[in-house]
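Results of the structural survey
These are the residues of each chain, in order.
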Amino acid sequence: MDTQYKHFRSLWDQDPNKKQFPQLTGRHQVDVVIVGGGITGISAAMLLAKAGKKSIVLEQYEVGSGTTGHSTGNLYAPTGQHLTEISAKHNKSVMKQVAQSRLSAMDQIKRWVGEFALSCSYKEVPWHLFSTRETDSATIKDEFDAAEQAGLPAENSVPLTFPFPTDVMLTLRNQAQMNPLQYVQQLAASIDPSFCNIYENSKVLEIGSGSPVEVKTAMGSVTADHVILATHSPIGLFAVQSAMEVKREYAMAVKVKNELPPPAIYWDLHRADQAMFSVRVCENSSGKYLLVLHEQHKTGHGNQKTNFPIETEKYIRSHFDVEQISYIWSAQKYSSVDKLPYIGSSPIQKNCHIATGFAADGLVYGTLAAMIISDQILDNPNDFQHLYKIRVPAMGSLPKFVQHNLHILGDLVADLLTSPESEFSKITPGEGEVIKVEGKHLAVFRSDEDHVYAVSAICPHMGCTVHWNKFEKSWDCPCHGSRFDILGEVLEGPAIKALETVAVNQKLGNRD
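Parameters at a glance
- Residues numbered from 1 in each chain as written.
- Predicted model: local features only at pLDDT ≥ 70, side-chain atom pairs only at ≥ 80, totals over all residues.
- Heavy atoms only, no water.
- pLDDT = per-residue confidence, 0-100.
- Contact = heavy atoms within 4.5 Å.
- Pairing = 2+ DSSP bridges.
- Helix = DSSP H or I, 4+ residues; strand = E, 2+ residues; numbered from the N terminus.
- Axes fitted to C-alpha atoms, helices over the stretch in contact; angles between N-to-C directions.
- Parallel < 35°, antiparallel > 145°, perpendicular 65-115°, else oblique.
- Nonpolar A, V, L, I, M, F, W, Y, C, P; charged D, E, K, R; others polar.
- Buried < 20%, exposed > 50% of the residue type's maximum accessible area, 1.4 Å probe, protein only.
- Lys, Arg positive; Asp, Glu negative; His and termini not counted.
- Salt bridge = Lys/Arg side-chain N within 4 Å of Asp/Glu carboxyl O.
- Polar contact = N/O pair within 3.5 Å; in protein donor to acceptor, adjacent residues only side chain to side chain.
- Disulfide = S-S within 2.5 Å.
- Core = buried A, V, L, I, M, F, W, Y, C linked by side-chain atoms within 4.5 Å.
- Phe/Tyr/Trp six-rings, centres within 6.5 Å; stacked < 30°, edge-to-face > 60°.

Turning our attention to the confidence of the model for the protein. Mean pLDDT over the protein stands at 87; residues scoring 70 or higher make up 88%. The model gives residues 397–410 a pLDDT under 50, and that stretch makes 18 contacts with residues more than four places away or in other chains. Long-range and interchain partners of residues 506–512, a stretch whose pLDDT sits below 50, account for 13 contacts in this model, where long-range means more than four residues apart.

Structure below.
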């Protein structure tokens, strides 16, 4: 098998006519400042602009380049958390509202694609939940019953030409797929600039707590009545971060020699490890590919010496004649302990609005979050805002909440007590290690050219010790999911500040 995985990037082509947005400079005042230029932030900006509110979007890199541009591009009413689990955590009424709220967001996406003639490969397709394991039959039958109870038009017949071996399945027609990067970039370009200005390469360095709120970047600042944190996990310190589990998932796009399956969303259920193989056909300017998403591990956890997508590759090769592995990429997901996202205003700071905990269902939930939050800002009624409001975990979720935070505490204590004293020369070229030097925990990377890059191993978010991620060459925090590059710069929040740079003067010499 090709276990080198050299092409670590998403397959999604950018919009070839992508609009370039400037970097923020100077001082600005608007009604709403939106931090994050993914599907949540851009959708909110569109809704607010249509309502006549002035806003500014601040994106750290480029529009859509974060989690949105690393998604599978699937749009569906059910969730990866499973309808039966939502019903068990809450009740059947909540389960039905979740499905209906997601359908409303899917309708919004479809309307915008038509209204602005977005060229993003949008296509309505069926969604299939099935399993190649006989032991999963009862679970799929339960999901079928839950889908019917939620008001979704469920089907359970297996098509004669279905590309996977299965005896039981759940099908929903009229779900959808698209190129998520092109969608959000073209939607951003369609926003009326007289009501919204978008700024790229404008990393937020500080968010005030007053009213109005001031948001600062390296080159400028924005003062606004409201701030929307559309950053996947809210940057800074928020209580909801302690009620979410953070995982990284890996996707693989391959060229196959045999015929590609019909366009659809294929979810192959594997209850053995509580993870599914998500399969779809997609294309970019280089041709058509089979996209498979599967493997996941807690951010900052697992065997960080491993090339993670090995199981995904095995799965693809067991069903298809693979010609070439063309793309590998990853994305981060934040899952709440009670299976529902957190969407709404902060209980402590009412003019600060949060959207997080989408798990792997972020394209639909991100659009829904924009709809709910914009309605809150506009004082419009919204049928679903009560469902996702910022909340404490329900009684049924408390054991999971306690277990999760005890695990975080255990990581914090264990790392501080057990990180070994080590010599720089023992670090393998191209690898990183957390070592202890004169009582300080350092995150040290040694390049293939024997250059040493050392930063503090203490995450500035809440003081946990970062771990090395060999596959992505990053320092990942196991507590709340912050990620940093080898120079300590923030790749992903909730941390705002970089890891502190440490000057080193070490002679590496020969590792023998």
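Having seen the structure, we can now continue with the description.
Moving on: the sheet that holds strand β19 (residues 440–446). Read from one edge to the other, the open sheet built from 3 strands follows the order β18-β19-β20, with strand pairing classed as antiparallel. In the strand order of this sheet, the two ends are held by β18 (431–437) and β20 (452–456), each with one partner. The mean angle between the axes of side-by-side strands here comes to 30°, regardless of whether they run parallel or antiparallel. Note: β19 against β20, 5 bridges, orientation antiparallel. Bridging across to β20, Ala-443 finds its partner in Val-455.

Okay, the packing of helix α3 (residues 92–115) against helix α7 (residues 362–378) next. Relative orientation and spacing of two packed helices are given, respectively, by the angle between their axes and the distance between those axes. At a minimum axis separation of 8 Å, α3 and α7 run at an interaxial angle of 85°. In this view, α3 runs roughly perpendicular relative to α7, as classed from their interaxial angle. Between α3 and α7, the contacting residues are Val-98, Ser-101, Arg-102, Ser-104, Ala-105, Met-106, Gln-108 and Ile-109 on the first element and Leu-363, Val-364, Tyr-365, Thr-367, Leu-368 and Met-371 on the second. Of the residues assigned to the contact of α3 with α7, the class counts are 9 nonpolar, 4 polar and 1 charged.

With respect to the helices and strands, Arg-280 occurs in strand β13 (residues 275–284). Within the buried set, Arg-280 has no salt-bridge partner at all; the shortest N-O distance to an opposite charge, 7.8 Å, is to Glu-283. A distance of 2.7 Å separates a polar atom in the side chain of Arg-280 from the backbone oxygen of Thr-72. Among the polar contacts listed, one links the side chain of Arg-280 to the backbone oxygen of Met-178, at a separation of 3.4 Å. Every residue in contact with Arg-280, bar those within four places of it in the chain, is listed here: Trp-12, Thr-72, Gly-73, Asn-74, Gln-177, Met-178, Ala-264, Tyr-289, Leu-290 and Leu-291.

If you trace the 4 strands from one edge of the open sheet to the other, you get β21-β22-β23-β24, paired in antiparallel fashion. Edge strands, defined here as strands with exactly one partner in the open sheet, are β21 (467–469) and β24 (490–492). Bridge analysis of strand β22 (residues 474–476) against strand β23 (residues 483–484) gives 2 bridges, and the strand direction is antiparallel. When the bridges of β23 are listed, Trp-475 appears paired with Phe-484.

Time to look at the state of the cysteines. Among covalent bonds in proteins, the disulfide is the one between the sulfur atoms of two cysteines. Counted under the stated rule, the structure contains 1 disulfide. Between the sulfur atoms of Cys-464 and its disulfide partner Cys-479 the distance amounts to 2.0 Å. Here the S-S torsion is close to -100°, and the disulfide linking Cys-464 with Cys-479 is therefore left-handed. Highlighted residues: Cys-464 in the loop between β20 and β21 and Cys-479 in the loop between β22 and β23, separated in sequence by 15 residues. For Cys-479, a relative accessible area of 2% gives the class buried.

The subject of this paragraph is the nonpolar core. Buried together is how nonpolar side chains tend to be arranged in soluble globular proteins. Judged by nonpolar contacts, the single largest core of 74 residues is most densely connected at Ile-34, Ile-42, Tyr-183, Ile-198, Ile-228 and Tyr-388. Examining the composition of this core, we find that 10 residues originate from one element, α7, more than from any other. In this view, Ile-34 contacts Gly-41, Ala-44, Ala-45, Leu-48, Ser-55, Ile-56, Val-57, Leu-58, Ile-228 and Ala-230; residues no more than four positions away in its chain are not counted. Core analysis: the next-biggest nonpolar cluster, separate from the first, contains 22 residues, Met-252, Val-256, Val-281 and Val-322 among them.

Moving on: the packing of aromatic side chains. Per the counting criterion, the structure on display carries 17 aromatic pairs. Taking the centre distance of 6.5 Å and the plane angle of 20° together, the rings of Phe-164 and Tyr-315 count as stacked. Of the two residues, Phe-164 is situated in the loop between β5 (154–155) and β6 (169–177) and Tyr-315 in helix α6 (residues 310–319); the sequence distance between them amounts to 151 residues. Relative accessible area serves as the criterion here: at 4%, Phe-164 is assigned to the buried category. Ring centres of Phe-164 and Phe-320 lie 5.9 Å apart, and the angle between their planes is 80°; this geometry places the pair in the edge-to-face category. One end of the pair, Phe-164, is in the loop between β5 and β6; the other, Phe-320, is in the loop between α6 and β15 (322–336), and 156 residues separate them in sequence.

Right, let's talk about the pairing of strand β10 (residues 220–229) for a bit. The buried fraction of β10 amounts to 8 of the 10 residues, a majority that puts the element mostly inside the structure. As paired elements, strand β1 (residues 26–35) and β10 share 9 bridges and run parallel to each other. Counted as the bridge partner of Val-33 is Val-227 from β10. As defined by bridge partners, strand β9 (residues 213–217) adjoins β10 across 4 bridges and the pair is classed as antiparallel. Its bridge partner lying in β10, Lys-216 is registered against Ser-221.

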